[in-house]
Amino acid sequence: MTPKAKPCSCCGASAAFSLSLLISSLSVTPRQQKCSLSVPLCADCVEELCTVDVAQITEELRNALKNAYTAIKVAVSECAQHRDTSKS
Ligand SMILES: [Zn+2]
């Protein structure tokens, strides 16, 4: 069985890499970390991402970042609440 190649989220060619974004909090301990969903990309598009302006980052990658950022904001605020309402 050959695994079915995922299409590049950018250009539709068969993807060679899977890119995910890891975001971690520096100001909260224990450190909170969230990883975005992975975005399949072909080698050409990864190289392009390394050089293009941030404004040109693909929508899918931007959404992945948004989701990871939203998740970590929730995690960080829950962490803060735990501290405030520590066991009575
Ligand atoms: Zn591509």
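See the structure printed just above.
Residues numbered from 1 in each chain as written. Predicted model: local features only at pLDDT ≥ 70, side-chain atom pairs only at ≥ 80, totals over all residues.

1. Considerations on the overall build of the chain
Across its full length, the chain holds two helices and four strands. Going from the N terminus to the C terminus, the chain shows its helices and strands as β-β-β-β-α-α. The C-alpha atoms of the chain give 17 Å as radius of gyration, which overshoots the globular expectation for 88 residues (12 Å, by more than 25%). Its C-alpha atoms give the chain principal-axis dimensions of about 55 × 40 × 15 Å. Looking at the chain residue by residue over its 88 residues, the buried ones come to 12%. The long-range fraction of contacts in the chain, counting pairs at least 24 apart against all pairs at least 6 apart in sequence, stands at 65%. (Helix = DSSP H or I, 4+ residues; strand = E, 2+ residues; numbered from the N terminus. Rg over C-alpha atoms; globule rule 2.2 N^0.38 Å. Buried ≥ 20, exposed ≤ 12 C-beta atoms within 10 Å, placed from the backbone. Contact = placed C-beta atoms within 7 Å.)

2. Things to note about the nonpolar core
One finds Cys8, Cys10, Ala15, Val39, Leu41, Cys42, Cys45, Ala64 and Ala68 forming the largest nonpolar core, which totals nine residues. Among the secondary structure elements, those contributing two or more residues to this core are β4 (39–41) and α2 (59–84). Not counting residues up to four positions away in its chain, the partners in contact with alanine 64 are Ser20, Leu21, Ser36, Leu37 and Val39. (Core = buried A, V, L, I, M, F, W, Y, C linked by C-beta atoms within 7 Å.)

3. Quick notes on unusual backbone geometry
With omega at -5°, the peptide bond leading from threonine 29 into proline 30 counts as cis. Here proline 30 lies in the loop between β2 (22–24) and β3 (33–35).

4. Quick look at the environment of alanine 68
Within the secondary structure layout, alanine 68 lies in helix α2. Judged by the 20 C-beta atoms lying within 10 Å of it, alanine 68 is buried. Apart from the residues within four sequence positions on either side, alanine 68 is in contact with Leu21, Ile23, Lys34, Cys35 and Ser36.

5. What to know about the environment of valine 76
With respect to the helices and strands, valine 76 occurs in helix α2. The sequence separation of valine 76 and leucine 26 amounts to 50 residues, and the corresponding C-alpha distance is 10 Å. With sequence-adjacent residues up to four places away left out, valine 76 is seen in contact with Ser25, Val28 and Gln32.

Bear in mind that shape data such as this cannot, by itself, settle questions of function.
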